[in-house]
Amino acid sequence: MPFEKLSFHFCLVILIFALGCNSNRNELSESPLPSPTQAPTLIEQDPRALAASDLRILDTMDTRGPRWVDSVTKKAYSKVFGGHTGSYVLDFFKERIKHSLSIPELAHLQQRPPELPFMKWEQDAETDHKSLDVSDLLAAFNIGSAFYLRGAINEAIVTLRFLNLEIPITTPRVGIMGFGKGYRKFEMIGGQVYVIPPEIRVSILVHEARHSDCSTPYSIEDIQKARKAESARQFIEELERTDCGYVHTFCPKGHAYEGIPACDKEPWGAYMIGTIYAMAATANSIAKGGDEYKTAVLDATVVDGFSRILDKKPKEILNGAHGDPILTDTGTLKHQ
Ligand SMILES: [Zn+2]
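Residues numbered from 1 in each chain as written. Predicted model: local features only at pLDDT ≥ 70, side-chain atom pairs only at ≥ 80, totals over all residues.

## So, the overall build of the protein
Turning to step 1, where the next piece is worked out: Looking only at helices and strands, the protein has 15 helices and nine strands in total.
Turning to step 2, where the next piece is worked out: The proportion of buried residues among the 336 residues of the protein is 46%. (Helix = DSSP H or I, 4+ residues; strand = E, 2+ residues; numbered from the N terminus. Buried ≥ 20, exposed ≤ 12 C-beta atoms within 10 Å, placed from the backbone.)

## What about the packing of helix 13 (residues 270-288) against helix 14 (residues 292-307)?
For any two helices packed against each other, one specifies the inter-axial angle together with the distance between the axes.
Turning to step 1, where the next piece is worked out: Packing of helix 13 against helix 14 brings their axes to within 9 Å, and their N-to-C directions diverge by 155°. Of the possible angle classes, the one that applies to helix 13 and helix 14 is roughly antiparallel. The element helix 13 and its partner helix 14 pack so that their crossing is left-handed. Listed contacts from helix 14 to Tyr271, Gly274, Thr275, Ala278, Met279, Ala281, Thr282, Ser285 and Ile286 of helix 13 are Lys294, Thr295, Leu298, Asp299, Thr301, Val302, Gly305 and Phe306.
Turning to step 2, where the next piece is worked out: Here the contact of helix 13 with helix 14 is composed, by residue class, of eight nonpolar, seven polar and two charged. (Axes fitted to C-alpha atoms, helices over the stretch in contact; angles between N-to-C directions. Parallel < 35°, antiparallel > 145°, perpendicular 65-115°, else oblique. Left-handed = near helix turned anticlockwise from the far one by under 90°. Contact = placed C-beta atoms within 7 Å. Nonpolar A, V, L, I, M, F, W, Y, C, P; charged D, E, K, R; others polar.)

## Examining helix 13
Turning to step 1, where the next piece is worked out: Here helix 13 is 19 residues long and its end C-alpha atoms lie 27 Å apart, about the 27 Å a rise of 1.5 Å per residue gives.
Turning to step 2, where the next piece is worked out: Just downstream of helix 13 lies glycine 289, where phi reads positive at about 75°. (Expected span 1.5 Å × (residues − 1).)

## A word on the environment of phenylalanine 250
Turning to step 1, where the next piece is worked out: Position of phenylalanine 250 among the secondary structure elements: in the loop between helix 12 (232-238) and helix 13.
Turning to step 2, where the next piece is worked out: The class for phenylalanine 250 is buried, based on 24 C-beta atoms found within 10 Å.
Turning to step 3, where the next piece is worked out: Remark: the alpha-carbon pair of phenylalanine 250 and isoleucine 236, spanning 14 residues in sequence, is separated by 8.2 Å.
Turning to step 4, where the next piece is worked out: Excluding anything up to four places from it in sequence, phenylalanine 250 contacts Arg233, Ile236, Gly259, Ile260, Pro261 and Cys263.

## Considerations on the pairing of strand 7 (residues 176-179)
Walk down a regular strand and you will see the side chains alternate between the two sheet faces.
Turning to step 1, where the next piece is worked out: Burial of the side chains of strand 7 extends over both faces: Ile176 and Gly178 are buried on one face and Met177 and Phe179 on the other.
Turning to step 2, where the next piece is worked out: Bridge count for strand 4 (residues 138-142) against strand 7 is three bridges, and the pairing is antiparallel. Note on strand 7: the bridge partner recorded for alanine 140 is phenylalanine 179. (Pairing = 2+ DSSP bridges.)

## Thoughts on the sheet that holds strand 5 (residues 158-162)
Turning to step 1, where the next piece is worked out: Read across the open sheet, the three strands follow the order 3-5-6; overall the sheet is antiparallel. If you trace the sheet from one side to the other, it starts and ends with strand 3 (110-112) and strand 6 (165-169), each paired once. Averaged over neighbouring strand pairs, the angle between their axes works out to 25° when direction is ignored.
Turning to step 2, where the next piece is worked out: Pairing of strand 5 with strand 6, which is carried by five bridges, proceeds in the antiparallel orientation. Bridge pairing in strand 6 links threonine 159 to proline 168.

## A look at unusual backbone geometry
Turning to step 1, where the next piece is worked out: In this chain, arginine 112 is followed by proline 113 through a cis amide linkage whose omega measures -10°.
Turning to step 2, where the next piece is worked out: Among the secondary structure elements, proline 113 is positioned in the loop between strand 3 and strand 4.
Turning to step 3, where the next piece is worked out: The backbone of lysine 75 sits at a positive phi, close to 55°, despite the residue not being glycine.
Turning to step 4, where the next piece is worked out: Here lysine 75 lies in the loop between helix 5 (64-72) and helix 6 (76-81).
Turning to step 5, where the next piece is worked out: Its identity is not glycine, yet aspartate 311 carries a phi of approximately 75°, on the positive side.
Turning to step 6, where the next piece is worked out: For aspartate 311, the position within the fold is in the loop between helix 14 and helix 15 (314-318).
Turning to step 7, where the next piece is worked out: Take aspartate 311: there are 11 C-beta atoms within 10 Å of it, and that puts it in the exposed class.

## Looking at the pairing of strand 9 (residues 192-195)
Turning to step 1, where the next piece is worked out: One ladder, built from four bridges, connects strand 8 (residues 186-189) with strand 9; its direction is antiparallel. Paired with isoleucine 189 across the strands is glutamine 192, a residue of strand 9.
Turning to step 2, where the next piece is worked out: In this structure, the hairpin formed by strand 8 and strand 9 is closed by a connection of two residues, where glycine 190 is found at a positive phi of approximately 55°.

## Some points on the nonpolar core
Turning to step 1, where the next piece is worked out: Counting residues in hydrophobic clusters, the biggest one holds 78 residues, and the most contacted among them are Val69, Val206, Ile276, Tyr277 and Ala280.
Turning to step 2, where the next piece is worked out: In this view, tyrosine 277 contacts Val89, Val202, Ser203 and Val206; residues no more than four positions away in its chain are not counted. (Core = buried A, V, L, I, M, F, W, Y, C linked by C-beta atoms within 7 Å.)

## Some points on the packing of helix 5 against helix 13
Turning to step 1, where the next piece is worked out: Between helix 5 and helix 13, whose axes approach to 7 Å, the crossing angle comes to 120°. Here helix 5 is positioned oblique relative to helix 13, judged by the angle of their axes. The handedness of the crossing between helix 5 and helix 13 comes out as right-handed. For the pair helix 5 and helix 13, the contacting residues are Arg64, Gly65, Pro66, Trp68 and Val69 in the first and Ile276, Met279, Ala280, Ala281, Ala283, Asn284 and Ala287 in the second.
Turning to step 2, where the next piece is worked out: Of the residues that constitute the contact of helix 5 with helix 13, the class distribution is nine nonpolar, two polar and one charged.

## Observations regarding helix 5
Counting along an α-helix, one turn takes 3.6 residues, and residues three or four places apart therefore face a common direction.
Turning to step 1, where the next piece is worked out: When we look at burial in helix 5, the residues that qualify are Gly65, Pro66, Trp68 and Val69. Angularly, the buried residues of helix 5 cover 160° about the axis, an arc narrow enough to put them on a single face.
Turning to step 2, where the next piece is worked out: In this fold, the buried residues of helix 5 make contact with helix 6 and helix 13. (Arc of directions from axis to C-beta.)

Written out as structure tokens, the structure reads:
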């Protein structure tokens, strides 16, 4: 049974390199960039090994960036991660992501039961953007949340088989993540190689981890709406709240990502949480000085992240105008 389409609601599509990001595009092109001949050989790395290496930067993360974020907001960084050292970010991730699958392993993922009755609400979930193939840009997705939602709507406990494991999906905190082709070390644009800083990939991992939280379980009304919905768009647009799994919504008309489920209705959704980490990483890059390219790319990531949050101003969210982030899991399925 396919899961790729549904998973788009729990994923991160990395577009800043593909589309540019507002004015930062110009900054990037003027920054000192490695030329193709100077760049390391482009060998595709196993994303799991790359992620493990990326997370190691947290061992020596400067606390100046997190402290700066707290100082310019109502302690938004501490509210999310609990403290300023990199170990807090690592704990946030480990609490929410326990398994990760490479692209070839995803092909062998098995669901039990193989068929479920209510599936129309998943239709056409990936994108209705006509000119953009996002599959190459998809960095990572939270499979656990996607299958949790499938189980909740069908009032069934879905079991996943992978890597000799058999795991019943009773909560999005089961923490199963898949990698896409977009989780990579380099980007090639017009023959030029751009190195993607590891902090950007860590912000992706933090984003995915947030999808493992369920702050408001699906109500009976939500489940009924899902069962009647003819498409993913209809289901998402009718949902009262999207903070169980922090499911993404379609970006609206006129938005840079129009037609892609790459925006958030919730103030403290996956884009906000990943962006708060990226804010701290940007501040750290500035504090260390010297690497204009890295600072510009991280800054573009922050601008990009904030652009995904609909209806509310990021500054107001960070200053607590819309309440504090709820970081709990209350979505355990008890039925069956
Ligand atoms: Zn996501």
